[in-house]
Amino acid sequence: MTSVKLPDGNVKEFEGAITIKEVAQSIGPRLAKDAIWGEIDHQPYPVDYAIPEGADVALKIITKKDPNALSTMRHSCAHVMARAVMRLRKNVRLAYGPAEDNYFYYDIEADEPLTESDFEAIEAEMKNIVWLDEPFERIVTPREKAIEICADMKQDFKVEHIEKRLADEETVSFYQQGEFLDLCAGPHVPSPKFIGAFKLLSIAGAYWMGDQSREQLQRLYATAFFTEKELEEHLENLEQAKARDHRVLGKKLGLFHIDEAVGQGLILWTPKGSYIRQQLQDFISEHLRRQGYDQIFTPHIGKLELYKTSGHFPYYQESQYPPLVHREQLSQMAEEGCSCGDLANRMKEGDIDGYLLKPMNCPHHVKVYDSQPRSYRDLPIRLAEFGTVYRWEQSGEIGGLTRVRGFTQDDAHLFVTQEQLADELIGCIELVKIIFGAMGMEDYSVRVGLRDTDNDKYVGDAENWDLAEEACRNAAATLGKPFTEEPGEAAFYGPKIDFVVRDCIGRKWQLGTVQVDYNLPQRFELSYIGADNQPHRPIMIHRAPFGSMERFIGVLIEHFGGAFPLWLSPEQVRLLTVSEKSEEYGRRVEKELLAAGIRVKSDYRPEKLGAKIREGRLDMIPYLLIVGPRDAENGTVSIRDRIDGDLGAMPLAETIDKLTEEIQLKTVRQKSVE
């Protein structure tokens, strides 16, 4: 008998050999029709591959709907792209070629660098390689033999990768396609015929292993889809994304500024951008008060010993600003001839202390909790802060608002008992749901990160983990959306819930997270006195629905294309006069709008009305209110709505009521600009 185990755990048995397609047919005709390849014991095979008689295998049938199908195909396309480049250029050294969410890339070094003018030739050669339809063949070799192979091919980056990153592996795998051989863990599609439509996108610089002191490589970006139609839709979305780029719109609309004199990745918020940020903070603060949070403030700096206790230093040292050392100690070490390396070692070993720009808010919140004795009657304790933290991002990775070196989190930490955990997680989820609803971000997915039971890296009792994971599942279920469970994606200190938003042009953004933490309460020896009059360890919940305020606003700018809903718009109304004769009435209207709490700017210039209207539209003002002599006589304003166009004249009081209601309801009338 041939035994085939399916992903759901069911086992199907067959007489004699059987093809993957026949297995799919035995499950259902639709699956047989949609199957594009199969994975037998995690290795891909074409659907006409016959599983040998008497075999005992695990089989996963892959369709285009499988979340890994597209990334597998794109990874194979990355190999085809690298092969094409090596055919067109001499002495090409390959680094990495992974598939990401909507694209893939390959980092390369060549004696003659590539330019975008080479794209057409590379794509033509890729089509030739696909037409040859030579299979991707997996080759497994001992690690030492793999080093020899890569050295013979003069692939020095691969040699270093094996020696440093794969040092603990006994064997490594290559994939060969025709004359092309590349170190790769796989998997790949069974043959290039599964590669549909592809397109080279851009070329950029990158450093080997992300280290600025190492070789500078070229990163060749591309994308691929199963059909030409899907590719065309994606390219159209990319064009929309360029038009919505928050760096461009942020400058055009005057929302934020980045100045080299201040520093890379450090944001200067203009009055307009500050208004958006303050509105978001006020919005969530209202719900925090309703849920019983207490707001706190903590310094931007802390003693190094604090972060040693929390585990943030030195384990995440590469992503932190260098520590600050006491002047007296610096002077003394300078007299001793202490080198920078000696200084770093003595810091790690605890011989000297210093201060650190805070990389996380949580150690400070822990100390607020620990500032006085706690009873079970005090819990849950919910501490919230719009706390600014600092990370040393590589300069090549910094970009606009979405990757910065100083950012503010809508951070909160809850200290709860085991019995309170489930309800508090649901409260955190409710906040996320409210925020996404108010932003018109209804299309989002939920991931529950669980521990890998075969891994011993996780802290805390297994029984508590079981309870926490079940609480995360139940909390995620309250959103009324399907969620995925991802074993191995939990933090070492507890399970977590992540939220991935799809914006109005289909891009995905990871926004907001809720994490359960058994580790920090243990590291800081936190406790509360229980009903039994004995000390107990609290559980800590980290939650940040916005995540980084900078990143969230960057995503909002692109999501709305700069056309914010009325309640978030820095300039909600622009008042335009038909001529200078209407200025006196215009100023009365302006005064009443301001008194009603509506943000208005007025244009009394003696310019043509058409020019003023065009400027207002380009500035994406939600409402233009036009006043002329007839409006002054009738007490009206003529309304031009950014979405619905000319609404005609309306009494001023009625206009104010209409605008005030839309602001108070936080209505999102249109999520994107057509």
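Scope of this entry: the structure provided in the associated data block. (Residues numbered from 1 in each chain as written. Predicted model: local features only at pLDDT ≥ 70, side-chain atom pairs only at ≥ 80, totals over all residues. Heavy atoms only, no water.)

1. A word on the overall build of the protein
Phase 1 of the analysis: Across its full length, the protein holds 21 helices and 34 strands.
Phase 2 of the analysis: Projected onto its principal axes, the C-alpha positions of the protein cover 90 × 65 × 60 Å.
Phase 3 of the analysis: Going through the 674 residues of the protein one by one, you find that 50% of them count as buried.
Phase 4 of the analysis: Charge separation in the protein, taken as the distance between the mean sites of 82 positive and 110 negative side-chain charges, equals 6 Å. (Helix = DSSP H or I, 4+ residues; strand = E, 2+ residues; numbered from the N terminus. Buried < 20%, exposed > 50% of the residue type's maximum accessible area, 1.4 Å probe, protein only. Lys, Arg positive; Asp, Glu negative; His and termini not counted. Charge placed at Lys NZ, Arg CZ, Asp CG, Glu CD.)

2. Some remarks on the packing of aromatic side chains
Centre distance and the angle of the planes are the two values used to describe a pair of aromatic rings.
Phase 1 of the analysis: Under the criterion given, the structure shown has 15 aromatic pairs.
Phase 2 of the analysis: Ring centres of W465 and Y518 lie 6.4 Å apart, and the angle between their planes is 40°; this geometry places the pair in the tilted category. Residue W465 is found in helix α15 (residues 462-477), and its partner Y518 is found in the loop between β26 (508-517) and α16 (519-523); the two are separated by 53 residues along the sequence. Grouping residues by exposure puts W465 and Y518 together as buried.
Phase 3 of the analysis: Ring pairing ties together the aromatic residues Y96, F157 and W208, which thus form one cluster. (Phe/Tyr/Trp six-rings, centres within 6.5 Å; stacked < 30°, edge-to-face > 60°.)

3. A few points about the sheet that holds strand β24 (residues 483-487)
Phase 1 of the analysis: Taken together, the eight strands give an open sheet; going across it, the order is β17-β21-β22-β29-β26-β25-β23-β24, and neighbouring strands pair in mixed fashion. Edge positions in the sheet fall to β17 (294-295) and β24, since each of these pairs with one other strand and no more.
Phase 2 of the analysis: Note: strand β21 (residues 381-390) against strand β22 (residues 406-416), 10 bridges, orientation antiparallel. Looking across to β22, one finds that E385 is bridged to D411.
Phase 3 of the analysis: Against the sheet, helix α13 (residues 362-369) makes contact with β21, β22 and β29 (539-544), and its axis sits at roughly 35° relative to β22, the strand it touches most. (Pairing = 2+ DSSP bridges. Contact = heavy atoms within 4.5 Å. Axes fitted to C-alpha atoms, helices over the stretch in contact; angles between N-to-C directions.)

4. Let's talk about the packing of helix α5 (residues 143-152) against helix α6 (residues 156-165)
Phase 1 of the analysis: Put simply, α5 and α6 touch, their axes get as near as 8 Å, and they point 165° apart. With respect to their mutual orientation, α5 and α6 come out roughly antiparallel. As α5 packs across α6, the resulting crossing turns out to be left-handed. Residues R143, A146, I147, C150 and A151 of α5 lie in contact with α6, whose contacting residues are K158, V159, I162 and E163.
Phase 2 of the analysis: Of the residues belonging to the contact of α5 with α6, the class tally is six nonpolar, no polar and three charged. (Parallel < 35°, antiparallel > 145°, perpendicular 65-115°, else oblique. Left-handed = near helix turned anticlockwise from the far one by under 90°. Nonpolar A, V, L, I, M, F, W, Y, C, P; charged D, E, K, R; others polar.)

5. Examining the environment of D101
Phase 1 of the analysis: By the element assignment, D101 lies in the loop between β8 (92-94) and β9 (104-110).
Phase 2 of the analysis: Put simply, D101 and R507 are 406 residues apart on the chain and 9.2 Å apart in space, counted from C-alpha to C-alpha.
Phase 3 of the analysis: Apart from residues no more than four positions distant in its own chain, D101 is found in contact with R74 and K508.

6. Quick notes on the pattern of salt bridges
Phase 1 of the analysis: For the structure on display, the rule yields 37 salt bridges.
Phase 2 of the analysis: The partner of K60 in a salt bridge is D66, with the nearest N and O atoms 3.3 Å apart.
Phase 3 of the analysis: You can call K60 partly exposed: its relative accessible area is 29%.
Phase 4 of the analysis: On the basis of relative accessibility, which here comes to 11%, the residue D66 falls in the buried class.
Phase 5 of the analysis: A salt bridge links R669 to E662, with the nearest nitrogen and oxygen atoms 3.8 Å apart.
Phase 6 of the analysis: In this structure, a network of salt bridges that share partners links the residues R83, R87, E125, E134 and E179. (Salt bridge = Lys/Arg side-chain N within 4 Å of Asp/Glu carboxyl O.)

7. Topic: a negative patch on the surface
Phase 1 of the analysis: A contiguous patch of negative charge on the surface is contributed by E228, E230, E232 and E233.
Phase 2 of the analysis: Among the secondary structure elements, E232 is positioned in helix α7 (residues 228-244). (Patch = residues over 30% accessible without salt bridge, like charges linked within 9 Å, V, L, I, M, F, W, Y side chains within 5 Å. Areas by Shrake-Rupley, 256 points an atom, 1.4 Å probe, with all protein chains shown as cover.)

8. Remarks on the sheet that holds strand β18 (residues 301-303)
Phase 1 of the analysis: The three strands lie next to each other as β18-β20-β19, forming an open sheet whose pairing is antiparallel. Looking along the sheet, the strands with just one partner apiece sit at the ends: β18 and β19 (324-325).
Phase 2 of the analysis: The sheet contact formed by β18 and strand β20 (residues 354-357) spans three bridges and is antiparallel. Across the sheet, residue G302 finds its bridge partner in β20, namely L356.

9. A short note on the pairing of strand β2 (residues 11-14)
Phase 1 of the analysis: Pairing geometry for strand β1 (residues 2-5) and β2, over four bridges, is antiparallel. Each residue of the ladder has a partner; that of S3, found in β2, is E13.
Phase 2 of the analysis: Between β1 and β2, which pair antiparallel in sequence order, lie five residues; one of them, G9, sits at a positive phi of approximately 95°.

10. Focus: helix α3 (residues 69-88)
Phase 1 of the analysis: Look at α3: 29 Å from first C-alpha to last across 20 residues, which is about the 28 Å you get at 1.5 Å a residue.
Phase 2 of the analysis: Along α3, 15 of the 20 residues are buried, which leaves the element largely enclosed by surrounding structure. (Expected span 1.5 Å × (residues − 1).)

11. Here we look at the nonpolar core
Phase 1 of the analysis: Formed by 86 residues in total, the largest nonpolar core has its most connected members in L280 and M439.
Phase 2 of the analysis: Looking at this core element by element, the count peaks at nine residues for helix α14 (residues 421-438).
Phase 3 of the analysis: Contact partners of L280, with chain neighbours within four places excluded, come to M439, F546, M549, F552, I553, L556, W567 and L568.
Phase 4 of the analysis: Ranked by size, the runner-up nonpolar core spans 37 residues in total, among them C77, I129, V189 and A224. (Core = buried A, V, L, I, M, F, W, Y, C linked by side-chain atoms within 4.5 Å.)

12. Some words on the pairing of strand β30 (residues 573-577)
Phase 1 of the analysis: For β30, the tally of buried residues reaches five of five residues, placing the bulk of the element in the interior.
Phase 2 of the analysis: Neither face of β30 is left uncovered, since the one carrying V573, L575 and T577 and the one carrying R574 and L576 both have all their residues buried.
Phase 3 of the analysis: For β30 and strand β31 (residues 600-603), the ladder comprises four bridges, and the chain directions are parallel. Residue pairing for β31: R574 is matched across the bridge by K601.
Phase 4 of the analysis: Relative to strand β32 (residues 623-627), β30 is paired through five bridges, and the arrangement is parallel. Of the residues in β32, the one forming a bridge with L576 is I626.

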